[in-house]
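Read off the chains here:
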Amino acid sequence: MGRIYNLISIQDLSRETIDLILDTAHKMESVAAERSNELSNKIMAVLFFEASTRTRLSFESAMLRLGGSVLGFADVTTSSAGVKGETLADTIRTVERYADIIVIRHPLDGSARVAAEFSAIPVINAGSGAEEHPTQALLDLYSIKKMKGKIDGLFISLCGDLRYGRTVHSLGMALANYDVSINLAAPESLRMKPAIVDEMRKAGLKVREVNSMDEALKDADVVYMTRIQKERFPDVREYTAVQGKFRIDSDDVAKMKRDAIILHPLPRVDELDASIDTAPQAKYFDQVYNGVVTRMAILKLILS
Ligand code: NCD
């Protein structure tokens, strides 16, 4: 099994490596509670050129629970890249001299790959434009495994903005490693990229594209809902045409299997009605915690 160095795309990981990360995340459950000093000699730099709550804070929480230290910026308007026009390459060449690992989020597709090319230290992609968000996919897989006891054999619906949503791109490609049936439920204009659908089909997955939530809810074991990525639409009229069309409320939950789970990378806007938060299927806040142990596993595997 190849050692993990950078984590840029979920496609860089074999099924074996994904399983190792999920197993390590499971072992991290007790470490997360008790804390350790395994990475006490390591520094993690977080470079967030785009808004974040969970991804950045869970990476920081993960590093602190392993005894490591954290530095960086969460607001690009306080960095030279944001204010003085410093290039990404120069930012990376600087930060690599301060830290042992870089976690980067950037609005451009391909940005994390570029950062890794310039960096002398490992780089983790915490979201690159509309393209990918591999650590979110890993915590999503970990959540499914933990909550359903398995991944193989499940019926999984990916719903909402499958075009601009980077989390579903990474998750779709990650699921190509498993024996699952997939429903892709999105408005016509926000369908999943054909390249990802092809990849899932080539891997032998049964993939169905539907354009209503009803079909996505019925029979599903996992309903993975996403936010319409308003900020990535080139034309706001394109957004208003689909706004509020794909959502789940308590009537929808009544149509779901009792033991199904609803996941969402968060933040939500209106696609998960607050009235469903107390439903037994609503697991998105439990999913948030899984981001800590999964990111502890990733940091440990790369740094130790
Ligand atoms: C997602 C993201 O940034 O891509 N959030 C996250 O990392 N949990 C999803 C989103 O913004 O809708």
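Cut-offs applied
- Residues numbered from 1 in each chain as written.
- Predicted model: local features only at pLDDT ≥ 70, side-chain atom pairs only at ≥ 80, totals over all residues.
- Heavy atoms only, no water.
- Salt bridge = Lys/Arg side-chain N within 4 Å of Asp/Glu carboxyl O.
- Buried < 20%, exposed > 50% of the residue type's maximum accessible area, 1.4 Å probe, protein only.
- Domains from an automatic or database assignment.
- Contact = heavy atoms within 4.5 Å.
- Buried area = accessible area lost by both parts, 1.4 Å probe.
- Polar contact = N/O pair within 3.5 Å; in protein donor to acceptor, adjacent residues only side chain to side chain.
- Helix = DSSP H or I, 4+ residues; strand = E, 2+ residues; numbered from the N terminus.
- Nonpolar A, V, L, I, M, F, W, Y, C, P; charged D, E, K, R; others polar.
- 1 Å grid on protein atoms, 1.4 Å probe; cavity = no way out; pocket = protein on both sides within 12 Å on 5 of 7 lines; lining within 4 Å.
- Points joined across faces, edges and corners; volume = space filled by probe spheres on them.
- Pairing = 2+ DSSP bridges.
- Axes fitted to C-alpha atoms, helices over the stretch in contact; angles between N-to-C directions.
- Right-handed = clockwise from strand over helix to strand, strands pointing away.
- Phe/Tyr/Trp six-rings, centres within 6.5 Å; stacked < 30°, edge-to-face > 60°.

Visitor: Where do I start with the pattern of salt bridges in this structure?
Guide: A side chain of one charge can pair with a side chain of the opposite charge if their charged atoms are brought near each other. Tallied over the full model, the rule gives 24 salt bridges. Two residues, arginine 97 and glutamate 96, come together in a salt bridge whose shortest N-O distance is 3.3 Å. The exposure class of glutamate 96 is buried, given its relative accessible area of 15%. Look at the salt bridges and you will find they share partners, linking Arg15, Asp19 and Asp152 into a network.

Visitor: Even after reading the chapter, I still don't get the domain arrangement of the chain, so can you show me in this structure?
Guide: By a frequent convention, interface size equals the accessible area lost on bringing the separate parts together. Domain annotation for the chain reports domain 1 (10-133 + 291-303) and domain 2 (135-288). Opposite the 33 residues of domain 1 that make contact, domain 2 presents 28 residues. Contact between domain 1 and domain 2 buries roughly 2,500 Å² in total, counting both sides, with carbon and sulfur atoms accounting for 54%. If you sort the residues of domain 1 by the area they bury against domain 2, Arg15, Arg54 and His133 come out on top, with a joint share of 27%. There are five salt bridges connecting domain 1 and domain 2. A salt bridge links glutamate 50 to arginine 166; the nearest nitrogen and oxygen atoms lie 2.9 Å apart. The tally of links from domain 1 across to domain 2 stands at 19 residue pairs in polar contact (both at pLDDT 80 or more). Top element by residues in the side of domain 1 that touches domain 2 is helix α1 (residues 15-34). It accounts for nine residues. Here the side of domain 1 that touches domain 2 is composed, by residue class, of 13 nonpolar, 10 polar and 10 charged.

Visitor: Help me understand the layout of surface pockets in this model?
Guide: It is a probe the size of a water molecule, rolled over the atoms, that shows where empty space is left. Taken as a whole, the largest pocket holds about 390 Å³ of empty space. In this structure, the largest pocket is lined by 21 residues; those nearest its centre are Arg105, Arg166, Arg227, Leu266 and Pro267. Contributions of two or more residues to the lining of the largest pocket are made by α2 (54-65) and α7 (166-175). Across the lining of the largest pocket, the residue classes break down as four nonpolar, 10 polar and seven charged. Two domains each donate at least three residues to the lining of the largest pocket, and these are domain 1 (10-133 + 291-303) and domain 2 (135-288).

Visitor: Would you mind going over the sheet that holds strand β2 (residues 69-73) with me for this structure?
Guide: Within a sheet, neighbouring strands are paired by backbone hydrogen bonds and run either parallel or antiparallel to one another. Strand order across the open sheet formed by four strands is β2-β1-β3-β4, with parallel pairing between neighbours. Bordering the open sheet on either side are β2 and β4 (123-128), each of which pairs with just one other strand. Across the sheet, the mean angle from the axis of one strand to that of its neighbour is 15°, orientation sign disregarded. Two strands pair when backbone bridges link them, and strand β3 (residues 101-106) and β4 are joined in this way by four bridges, in the parallel orientation. The residue bridging histidine 106 from the neighbouring strand is serine 128, located in β4.

Visitor: What should I look at first to understand the pairing of strand β5 (residues 155-159) in this one?
Guide: Here is the key point about a regular strand: its side chains alternate between the two faces of the sheet. Most of β5 is tucked away, with four of its five residues classed as buried. Of the pairings in the sheet, the one linking β5 to strand β6 (residues 181-185) comprises five bridges and is parallel in character. Note that in β6 the partner of phenylalanine 155 across the bridge is serine 181. Once the chain exits β5 it traverses α7 before rejoining the sheet at β6, and the crossover so formed is right-handed. In this sheet, strand β8 (residues 222-225) lies alongside β5 in parallel orientation, the contact comprising four bridges.

Visitor: What exactly am I supposed to notice about the packing of aromatic side chains here?
Guide: Both the distance between ring centres and the angle between the ring planes are used here to describe each pair of aromatic rings. Under the criterion given, the structure shown has four aromatic pairs. With centroids separated by 4.8 Å and ring planes inclined at 50°, the aromatic side chains of tyrosine 164 and phenylalanine 233 adopt a geometry described as tilted. Linking tyrosine 164 in the loop between β5 and α7 with phenylalanine 233 in the loop between β8 and α10 (236-242), this pair joins segments that are 69 residues apart in sequence. Both residues of the pair, tyrosine 164 and phenylalanine 233, count as buried. Every member of this aromatic cluster is reached through a ring pair, and the members are Tyr164, Phe233 and Tyr239.

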